[in-house]
Amino acid sequence: MRITGLRATPVAVPYLADEIWAFGRRRGQVSVLLELETDEGLTGIGEAAAYPSAGIVLAVVESLRPLVVGADPFEIERLVRRIELVGTWHHVRATSPAIAAVEMACWDLVGKACGQPLVNLLGGRFHDRVEFFYYVARREPAEVAAEAKRAAAAGFATCYLKVGADDPWEDVERVAALRDGAGPDMALRVDANEAWSPGAAVRLIAELERFGLELVEQPVSGRDLAGMAYVRGRIGTPLLANEASWTRYDQLAVIRAGAADVLSVDNQMDGGLLNLKRSAGLCEAAGLPVVKHSLGELGVALAAALHALTATPNFRYANQAYGALLADDVTAGFTGTLASYVDGTLSAPDGPGLGVRLDPDKVARYAELYRTDGASFAFHDEDVLTRAPALPKR
């Protein structure tokens, strides 16, 4: 089998509520859908989050065309290495989502050609179902509490909230509201996105720990492993590395520095599902659990990652996905919306390959929305465009 064609389609899908983080917000998910056609009539699908932008992803995809077209999709290792080395994309991080989408589409083709769901090709089912957290959009405390109640009613066991506000005491109020709405048994996770200095992190986490935190994610700069280790040794809550651990090489450095208790891994940030499996194995050898990070994804990328998570032992915590935010999707059947979740968990699709299919009408609708209004989906807003942001905030 040979790849004969490559088609990339950017789409913009709205959120139910804006995603807000320490330095901005976005109103929806922009992804680039990738379709690989073959001489045997099969089409493989992949997805790249628009990181750092859809324009960059599209440019990388186009640069890969001469390396991808004509390749055998079964030779995934060879193709990815050609992209990294011959294509000169060796560990240029902004290109990773596009590379990951190519690899994802190849896996979809391999599974379809074999008549097997991808999980069977990645080691088989270790987990029957995989847990995900409920993403609570950062809003006023009363709204946060209401979202937490919805999470509990939907059967989720873990809530996730962005912290790192300009006024850190607003974070305390929001986390208090989160605990109030979620009840005493829900696991609560907070993510500061590197907003604090080590000293401020220790002080602020001490304030937040009375609400019973499960994990605190990337409280300080991911480039400061010594600072992470300093914070880790002075708090009672396990520290989750994220910006510090986006690739296998970063994860190795975090492990060596003793800088985290749990590590985020991300197939899109490290160029593919095979690398995600390698990341998890590296952490398992160090005795550490992992969680899936997300740049935001629709049903295609969620299904792909879910196959890998299902086949990998040390995904023991709730993972990140965007079901609580997505208003719709471009897939039919299995989607990234809350409709596919059962008590906060997902099961890898049973169909061959990724086990998902695109809905052509929705793809067309959200491709048109990207064409006409894609700029408004960028990860910023009018309130922050004129500021002079700096890290850390405190």
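This write-up is about the structure you can find in this document. (Residues numbered from 1 in each chain as written. Predicted model: local features only at pLDDT ≥ 70, side-chain atom pairs only at ≥ 80, totals over all residues. Heavy atoms only, no water.)

### Here we look at unusual backbone geometry
Here the bond from Tyr51 into Pro52 is cis, since omega is -5°, no more than 30 degrees from zero. The peptide bond linking Leu391 to Pro392 adopts the cis configuration, its omega dihedral lying at -10°. By secondary structure assignment, the location of Pro392 is in the segment after α13 (382-385). Residues other than glycine seldom take positive phi values, yet Asn193 does so here, at roughly 50°. Mapped onto the fold, Asn193 is located in the loop between β7 (187-191) and α7 (198-208). A positive phi angle is found at Gln218, which is not glycine, with a value near 35°. By the secondary structure assignment, Gln218 is in the loop between β8 (213-217) and α8 (225-232). (Helix = DSSP H or I, 4+ residues; strand = E, 2+ residues; numbered from the N terminus.)

### Quick word on helix α6 (residues 168-182)
Count 3.6 residues to each turn of an α-helix, and residues three or four apart come out pointing the same way. An ideal rise of 1.5 Å per residue puts 21 Å on 15 residues; α6 measures up with 21 Å between its terminal C-alpha atoms. For α6, every residue scored as buried is listed here: Pro168, Asp171, Val172, Arg174, Val175, Ala177, Leu178, Arg179, Gly181 and Ala182. In this structure, the buried residues of α6 make contact with β5 (134-136), α5 (141-153), β6 (158-162), β7, α7 and β8. In this structure Asp167 caps α6, since a side-chain oxygen of it lies 3.0 Å from the backbone nitrogen of Trp169. Count one or two residues on from α6 and you reach Gly183, which has phi positive near 90°. (Expected span 1.5 Å × (residues − 1). Buried < 20%, exposed > 50% of the residue type's maximum accessible area, 1.4 Å probe, protein only. Contact = heavy atoms within 4.5 Å. Polar contact = N/O pair within 3.5 Å; in protein donor to acceptor, adjacent residues only side chain to side chain.)

### With respect to the sheet that holds β8
By definition, the strands of a sheet pair up through backbone hydrogen bonds, in either a parallel or an antiparallel sense. What the seven strands build is an open sheet, ordered β5-β6-β7-β8-β9-β10-β11; its pairing is parallel. Strand pairing shows two members of the sheet lacking a second neighbour, β5 and β11 (290-292), which therefore form its edges. When the angles between neighbouring strand axes are averaged without regard to direction, this sheet yields 25°. Here β6 pairs with β7 via five bridges, running parallel. Directly across from Tyr160, in β7, lies its bridge partner Arg189. (Pairing = 2+ DSSP bridges. Axes fitted to C-alpha atoms, helices over the stretch in contact; angles between N-to-C directions.)

### Considerations on the side chain of Ser264
Here Ser264 lies in strand β10 (residues 262-265). Residue Ser264 is classed as buried on the basis of its relative accessible area, which comes to 2%. If near-sequence neighbours (up to four positions away) are discounted, Ser264 is found in contact with Glu217, Leu240, Ala241, Asn242, Ser245, Gln251, Val291 and His293.

### A look at the nonpolar core
Formed by 123 residues in total, the largest nonpolar core has its most connected members in Leu36, Val68, Phe132, Trp196 and Val330. For this core, the element with the highest residue contribution is helix α3 (residues 96-114), accounting for ten residues. (Core = buried A, V, L, I, M, F, W, Y, C linked by side-chain atoms within 4.5 Å.)

### A short note on the pairing of β10
Every regular strand shows the same layout, with side chains that alternate between the two sheet faces. Burial of β10 is two-sided: the residues Val262 and Ser264 facing one way and the residues Leu263 and Val265 facing the other way are all buried. As defined by bridge partners, strand β9 (residues 239-241) adjoins β10 across two bridges and the pair is classed as parallel. Within the sheet, the bridge partner assigned to Ala241 lies in β10 and is Leu263. Note on the crossover from β10 through helix α10 (residues 273-285) to β11: the handedness is right-handed. (Right-handed = clockwise from strand over helix to strand, strands pointing away.)

### Here we look at the side chain of Thr331
Within the fold, Thr331 resides in strand β12 (residues 331-332). At 2.8 Å, the side chain of Thr331 forms a polar contact with the backbone oxygen of Phe334. In this structure, Thr331 is in contact with Gly299, Val300, Val356, Arg357, Leu358 and Asp359, ignoring residues within four places of it in sequence.

### Focus on the sheet that holds strand β3 (residues 43-49)
The three strands are arranged β1-β2-β3 in an open sheet whose pairing can be described as antiparallel. Strand pairing shows two members of the sheet lacking a second neighbour, β1 (3-21) and β3, which therefore form its edges. Shown here is a sheet whose adjacent strand axes are inclined to one another by a mean of 20°, direction ignored. The pairing of β1 with strand β2 (residues 24-38) spans 14 bridges and is classified as antiparallel.

### Things to note about a negative patch on the surface
A cluster of acidic residues, Glu140, Glu143, Asp167 and Glu173, forms a negative patch at the surface. With respect to the element layout, Asp167 can be found in the loop between β6 and α6. The partly exposed category is assigned to Asp167, whose relative accessible area is 32%. (Patch = residues over 30% accessible without salt bridge, like charges linked within 9 Å, V, L, I, M, F, W, Y side chains within 5 Å. Areas by Shrake-Rupley, 256 points an atom, 1.4 Å probe, with all protein chains shown as cover. Salt bridge = Lys/Arg side-chain N within 4 Å of Asp/Glu carboxyl O. Lys, Arg positive; Asp, Glu negative; His and termini not counted. Charge placed at Lys NZ, Arg CZ, Asp CG, Glu CD.)

### Topic: the environment of Tyr160
Turning to its location among the elements, Tyr160 is positioned in strand β6. Taking C-alpha positions, Tyr160 is 25 Å from Ser96, a pair spaced 64 residues apart along the chain. When sequence neighbours within four positions are dropped, the list of residues in contact with Tyr160 reads Phe133, Tyr134, Tyr135, Val136, Arg189, Asp191, Glu217 and Gln320. Reaching out from Tyr160, the side chain makes a polar contact with the side chain of Lys162 at a distance of 3.0 Å.

### Some thoughts on the pattern of salt bridges
For the structure shown, the criterion picks out 23 salt bridges. Between Arg150 and Glu147 there is a salt bridge, and its shortest N-O distance comes to 2.5 Å. Within this pair, Arg150 and its partner Glu147 are both found in helix α5, separated by three residues, close to a single helical turn. Look at Arg150 and you get partly exposed, because its relative accessible area is 46%.

### A word on the packing of aromatic side chains
Scanning the model with the defined rule gives nine aromatic pairs in all. Geometrically, the ring pair formed by Phe132 and Tyr341 is edge-to-face, given 6.0 Å between the ring centres and 90° between the ring planes. Note that Phe132 is positioned in the loop between β4 (130-131) and β5 and Tyr341 in the loop between β12 and β13 (345-346), a separation of 209 residues in sequence. Considered together, Phe132 and Tyr341 belong to a single accessibility category, that of buried residues. A centroid spacing of 6.4 Å and a plane angle of 75° characterise the contact between Phe133 and Tyr135, whose relative ring orientation is edge-to-face. Overall, the relative accessible area of 4% leaves Phe133 in the buried class. (Phe/Tyr/Trp six-rings, centres within 6.5 Å; stacked < 30°, edge-to-face > 60°.)

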